[in-house]
Amino acid sequence: MDILWTLLTLPYAPVRGVTAVVKVIAREAESRQRNPVDVRRELEALDAAEAAGEITAAERDRGQQQVLERLTGAARPRRRAGAERARRVPRDGGEGGERHGGPDPRRRRPGT
């Protein structure tokens, strides 16, 4: 049965190989992002760039905040463009355009 299964899934071997490589790369990237030596090096590079006049103090502060958020995992998730609009639309269970403040003018009522 194992030989049959191996033969049937042989075309998917490259996909499994790529998946394994991607997992290894992701794990390595994660460990480098959270490595205290690398984080300290990035913070020192920001300080040095600000001292050399390459960036402003505000840009340095933003960069430091990004590094620290990445380290602590406290990065705020980004919203999709329509998420804010969808939140403001009342959900009263009406039909068509009724949820948006009135009946849809393109919709005919029965008997009219």
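Above this text you will find the structure in question.
Here is a short report on the structure shown in this document. (Residues numbered from 1 in each chain as written. Predicted model: local features only at pLDDT ≥ 70, side-chain atom pairs only at ≥ 80, totals over all residues. Heavy atoms only, no water.)

Let's shift gears to the packing of helix H3 (residues 36-51) against helix H4 (residues 57-72). Between H3 and H4, the shortest axis-to-axis distance is 9 Å and the interhelical angle comes to 175°. Relative to H4, the element H3 is oriented roughly antiparallel. Contacts between H3 and H4 pair Val39, Glu42, Leu43, Leu46, Asp47 and Glu50 from the former with Ala57, Arg60, Gly63, Gln64, Val67, Leu68, Arg70 and Leu71 from the latter. (Axes fitted to C-alpha atoms, helices over the stretch in contact; angles between N-to-C directions. Helix = DSSP H or I, 4+ residues; strand = E, 2+ residues; numbered from the N terminus. Parallel < 35°, antiparallel > 145°, perpendicular 65-115°, else oblique. Contact = heavy atoms within 4.5 Å.)

Looking now at a nonpolar patch on the surface. There is a patch of nonpolar side chains on the surface, built from Met1, Leu4 and Leu8 and spanning about 380 Å² of accessible area. Mapped onto the elements of the fold, Met1 is located in the segment before helix H1 (2-9). Taking relative accessible area as the criterion, Met1 reaches 79% and is therefore assigned exposed. (Patch = residues over 30% accessible without salt bridge, like charges linked within 9 Å, V, L, I, M, F, W, Y side chains within 5 Å. Areas by Shrake-Rupley, 256 points an atom, 1.4 Å probe, with all protein chains shown as cover. Salt bridge = Lys/Arg side-chain N within 4 Å of Asp/Glu carboxyl O. Buried < 20%, exposed > 50% of the residue type's maximum accessible area, 1.4 Å probe, protein only.)

Scope: geometric values only; no functional claims are made or implied.
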